[in-house]
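Structural description and commentary
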Amino acid sequence: MKRREYSIASSQHVTPNSVSLLIVTVGWVDPRGRDRFGQATRYLNGLKVGAPVTVSVKPSVMKLPTKSTAPILMAGLGTGLAPFRAFIQERAYQKQVLGQEIGEVLLYMGSRHQREEYLYGEEWEAYQDAGIITLLGRAFSRDQPQKIYIQDRMRQTLKEIREAYLKKEGSFYLCGPTWPVPDVTAVLQEAIEVEAKAPDAVVGKDGKVNSMREIETLKDAGRYVLEVY
């Protein structure tokens, strides 16, 4: 079996001698009624505190902008929230410990039920109260008759996305399963197209813009980053 890689969910400045991982134990019942389990998650869940584990650390594609004042927009589904906890811890460190000015922090999170899967929920709210998180978009898809997904919360805050991402040259990150990539990207394209028609447009001065080509440009600039699986 190939090794299972997890995103580190903590900032090295905050916990220099340890790392945190966000892991949800996988388990399901197959069509024959048999219990099935995720090999890696079940193994880790069954470990006793203090048990030795062989691990390795490697660089991530998820990197914060060089400037602390650059806005960051993050979309995480389930355990895809892991790197964003590290990002937000780092932004809090920059502001509260180093006294640096930080840019807007927009966090969109998605899961099925708030009661069971509001991962780090109290932390997000505390960071919002402290002025670290600017916008918290929560999408719990199964908590109401009409399913609400992460792209829906993004579309509801298109103005804030245009301001932070396009006008202030922020960076967008998506981590989690691959299925929301087209829908989330479509929201960003919509933001680009709306922005192009604005009187003070930063792209497409004639009101015309190839939004997909703009996404590719942002990707090349490291301002559209995906870590999906």
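Described in the following lines is the structure provided in the data block. Quick caveat, the model's predicted, so the values are computed rather than measured. (Residues numbered from 1 in each chain as written. Predicted model: local features only at pLDDT ≥ 70, side-chain atom pairs only at ≥ 80, totals over all residues. Heavy atoms only, no water.)

**Some thoughts on the sheet that holds strand 5 (residues 135-140)**
Note the cut-off: The pairing criterion for strands is at least two bridges between them, as found by DSSP. Strands here are runs of E lasting at least two residues and helices are runs of H or I lasting at least four, both read from the DSSP assignment and numbered beginning at the N terminus. Throughout, an axis means a line fitted to C-alpha atoms (over the contacting stretch in the case of helices), and angles, computed between N-to-C directions, take values from 0 to 180 degrees. Note on definitions: a residue-residue contact is assigned when non-hydrogen atoms from the two residues lie within 4.5 Å.
Pairing is parallel across the open sheet formed by five strands, whose spatial order is 5-4-3-6-7. In the strand order of this sheet, the two ends are held by strand 5 and strand 7 (224-228), each with one partner. Taken pair by pair, the neighbouring strands of this sheet meet at an average axis angle of 10 degrees, ignoring direction. As paired strands, strand 4 (residues 105-111) and strand 5 are joined by six bridges and run parallel to one another. Within strand 5, the position partnered with leucine 107 by the bridge is leucine 136. With respect to the sheet, helix 4 (residues 121-129) is in contact with strand 4 and strand 5, its orientation differing from that of strand 5 by roughly 155 degrees. Strands strand 3 (72-77), strand 4, strand 5, strand 6 (171-176) and strand 7 of the sheet are contacted by helix 6 (residues 158-167), whose axis makes an angle of about 125 degrees with strand 4.

**Examining the pattern of salt bridges**
Defined as follows: Any Lys or Arg side-chain nitrogen located within 4 Å of an Asp or Glu carboxyl oxygen qualifies as a salt bridge. Exposure is judged per residue with a 1.4 Å probe applied to protein chains only, and the accessible area is read against the type maximum: over 50% gives exposed, under 20% gives buried, and values in between give partly exposed.
Following the criterion strictly, the structure yields 12 salt bridges and no others. A salt bridge links arginine 34 to aspartate 30, with the shortest nitrogen-to-oxygen separation between them at 2.8 Å. Given a relative accessible area of 10%, aspartate 30 falls into the buried group. One salt bridge in this structure joins glutamate 195 and arginine 162, with 2.9 Å as the shortest N-O distance. Taken as a pair, glutamate 195 in helix 7 (residues 181-196) and arginine 162 in helix 6 lie far apart in primary sequence, 33 residues in all.

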